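Here are the chains, one letter per residue:
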Amino acid sequence: MTRITRREFSALAAAELLARPAFAQTNEAPPITRAIPNTGERVPVVGLGTATVFDSDDEQTRRAAAQVVQTLVDAGGRLVDTASSYGDAESVLGNVVAAAGLRDKVFVATKLEAPDAAELKRSLARLRTAKVDLLQLHNVRDPRQSLAQFRAWKAQGLCRYIGITSTSHRDFAAIEAVLEHEKPDFVQIDYSLDDRAAQERILPLAAEVKTGVLTALPFGRGRLFRTVRGKEIPDWAKGFAGSWAQFFLKYLLADERVTTVIPGTSNPAHMADNLGAMRGRLPDPDQRKRMAAFIDAL
Ligand SMILES: NC(=O)c1ccc[n+]([C@@H]2O[C@H](COP(=O)([O-])OP(=O)(O)OC[C@H]3O[C@@H](n4cnc5c(N)ncnc54)[C@H](OP(=O)(O)O)[C@@H]3O)[C@@H](O)[C@H]2O)c1
């Protein structure tokens, strides 16, 4: 008897999921894309986050990462978000992308802890690329933070876009200040169905200054799945969400100010499930209100 590992089982499950008639049918429709405000370049609305899931460069992680990234690309996805501080994630991603010859199919977003040339050099080497698509300053806390060095690197062709990130509500004022005076191409912020603070504070300003939005922690680090454990998707949501993951992601994507959601996973079947959120109908404003009320009541 041939034994298969849990990861291999997940890869088979992902392939099976994508081949199902319902999935294949919706897969025929092009994925939903959004324009990056500064350039009009369109990106698919579901991407992948690599915090914690790719952080150790071992055989099992490399195999899972290869399957997850391939699943993303095969389904028409593109954006992968990593950081210099996510353990070995940049190396794991760089090696997977290079080995599969996928560099021109993946929009690589990474983050630096500071505008430091040595740190950028290390990230580019680990990612095995001469230029990243998006270079973000991680966890901005200073309202006077300058992005001059990031702009200089962009002008030198070391990145195509620049951005800032935060998942700390304490630092929202700093993020707002930097959005106003630096007008970066992207802001990455925590935004999920049960953590909606960003829609009142960051998203309106991002739209005003024409900054694209990546939503970190779209499942609240998995918290949303625990909230609905044992519960069925309500009937009124079944027309647009085939799973809880799609319910949570489509809530965010129905907000047109969101460019791409970046759920983290090392499981190819979960990746395939998440990618289902970039196809089919999105909830309308009344349904969005109902979704928020539903989660708030749990
Ligand atoms: N300050 C910052 O800039 C900052 C901070 C935090 C995060 N981020 C970014 O945001 C990304 C996402 O954050 P995150 O990964 O921590 O949290 P998340 O995306 O909110 O949740 C990830 C969790 O959801 C589970 N999951 C994913 N898809 C699923 C599915 N279809 N069904 C059931 N469970 C599913 C994952 O488990 P499995 O692995 O088992 O699928 C994992 O436990 C990060 O990877 C990073 O790129 C940025």
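Everything below is about the structure shown above.
All figures in this text were calculated on a predicted structure; none of them were measured in a lab.

A description of the packing of helix H10 (residues 244-253) against helix H12 (residues 285-296) should follow, citing residues and the corresponding values.
The packing of two helices is summarised by the inter-axis angle and the distance between the axes. For the pair H10 and H12, the least separation of the axes is 10 Å and the interaxial angle reads 125°. Viewed along their axes, H10 and H12 adopt a mutual orientation that is oblique. Two packed elements cross with a definite hand, and for H10 against H12 that hand is left-handed. Contacts between H10 and H12 involve Trp-244, Phe-247, Phe-248, Tyr-251 and Leu-252 on the former and, on the latter, Arg-288, Met-291, Ala-292, Phe-294 and Ile-295. Here the contact of H10 with H12 is built from residues that sort into nine nonpolar, no polar and one charged.

Quick one: what's the story with helix H8 (residues 197-208), residue by residue and with numbers?
Here H8 contains twelve residues, and its C-alpha end-to-end distance of 17 Å stays within 8% of the 16 Å for a straight helix at 1.5 Å per residue. By the burial criterion, the buried members of H8 are Ala-198, Gln-199, Ile-202, Leu-203, Leu-205 and Ala-206. Buried residues along H8 sit against helix H7 (172-182), strand S8 (186-190), strand S9 (212-216), H10 and H12. Looking one or two residues beyond H8, the residue adopting positive phi is Lys-210, at roughly 60°.

Describe the packing of H7 against H8, with residues and values.
Close contact between H7 and H8 brings their axes to 9 Å; oriented N to C, the two are set at 10°. It follows from the interaxial angle that H7 and H8 lie roughly parallel. The chirality of how H7 crosses H8 is right-handed. Contacts from Phe-172, Ala-173, Ile-175, Glu-176, Leu-179 and Glu-180 of H7 reach H8 at Ala-197, Ala-198, Arg-201, Ile-202, Leu-205 and Ala-206. Of the residues belonging to the contact of H7 with H8, the class tally is nine nonpolar, no polar and three charged.

Could you give an account of unusual backbone geometry, naming the residues involved and the relevant values?
The backbone phi angle of Lys-210 is positive, close to 60°, even though this residue is not glycine. Within the secondary structure, Lys-210 sits in the loop between H8 and S9. Unusually for a residue other than glycine, Arg-221 sits at a positive phi of about 55°. Structurally, Arg-221 can be placed in the loop between S9 and helix H9 (223-227).

Quick one: what's the story with the pairing of S9, residue by residue and with numbers?
For S9, the buried fraction is high: five of the five residues fall into the buried class. Judged by which residues are buried, S9 turns out to be covered on both faces: Gly-212, Leu-214 and Ala-216 on one side and Val-213 and Thr-215 on the other are all buried. The pairing of S8 with S9 spans five bridges and is parallel. The partner of Ile-189 across the bridge, within S9, is Thr-215. What joins S8 to S9 is H8, and the crossover it makes is right-handed.

Go over the layout of surface pockets with me, naming the residues and quoting the values.
If you add up the space inside the largest pocket, you get close to 720 Å³. Taken together, 30 residues form the lining of the largest pocket, with Ala-51, Leu-217, Arg-221, Pro-263 and Gly-264 sitting closest to its centre. The set of elements that each furnish at least two residues to the lining of the largest pocket consists of strand S7 (159-166) and helix H11 (268-275). Looking at the lining of the largest pocket, the element that brings in the most residues is H11, giving three residues. Of the residues contributing to the lining of the largest pocket, the split by class is eleven nonpolar, 15 polar and four charged.

Before we move on, could you go through the environment of Phe-172 and cite the residues and values that matter?
With respect to the secondary-structure elements, Phe-172 resides in helix H7. When its relative accessible area of 1% is taken as the criterion, Phe-172 is described as buried. Once the C-alpha coordinates of Phe-172 and Trp-244 are considered, the two residues, 72 residues apart in sequence, prove to be 28 Å apart. Leave out the neighbours within four places in its chain, and Phe-172 touches Ile-189, Asp-190, Ala-197, Ala-198, Arg-201 and Ile-202.

Pulling in residues and values, what's your account of the site of the ligand?
Around the ligand sit 29 residues, and of these Asp-81, Asn-139, Phe-219, Thr-265 and His-270 come closest. Taking Thr-167, its side chain carries an N or O atom lying 3.4 Å from a nitrogen atom of the ligand. In the environment of the ligand, a nitrogen atom lies 3.1 Å from a nitrogen or oxygen atom belonging to the side chain of Asp-273. Considering the ligand on its own, with 910 Å² of exposed area, one finds that the protein chains cover 85% of that surface. Structurally, the ligand is housed in the largest pocket. With three residues, the single largest contributor to the shell around the ligand is H11. Class assignment for the residues of the shell around the ligand results in ten nonpolar, 15 polar and four charged.

Calculation criteria
Residues numbered from 1 in each chain as written. Predicted model: local features only at pLDDT ≥ 70, side-chain atom pairs only at ≥ 80, totals over all residues. Heavy atoms only, no water. Axes fitted to C-alpha atoms, helices over the stretch in contact; angles between N-to-C directions. Helix = DSSP H or I, 4+ residues; strand = E, 2+ residues; numbered from the N terminus. Parallel < 35°, antiparallel > 145°, perpendicular 65-115°, else oblique. Left-handed = near helix turned anticlockwise from the far one by under 90°. Contact = heavy atoms within 4.5 Å. Nonpolar A, V, L, I, M, F, W, Y, C, P; charged D, E, K, R; others polar. Expected span 1.5 Å × (residues − 1). Buried < 20%, exposed > 50% of the residue type's maximum accessible area, 1.4 Å probe, protein only. Pairing = 2+ DSSP bridges. Right-handed = clockwise from strand over helix to strand, strands pointing away. 1 Å grid on protein atoms, 1.4 Å probe; cavity = no way out; pocket = protein on both sides within 12 Å on 5 of 7 lines; lining within 4 Å. Points joined across faces, edges and corners; volume = space filled by probe spheres on them. Near = heavy atom within 4 Å. Polar contact = N/O pair within 3.5 Å; in protein donor to acceptor, adjacent residues only side chain to side chain. Areas by Shrake-Rupley, 256 points an atom, 1.4 Å probe, with all protein chains shown as cover. Sits in = over half its atoms within 2 Å of the grid points.

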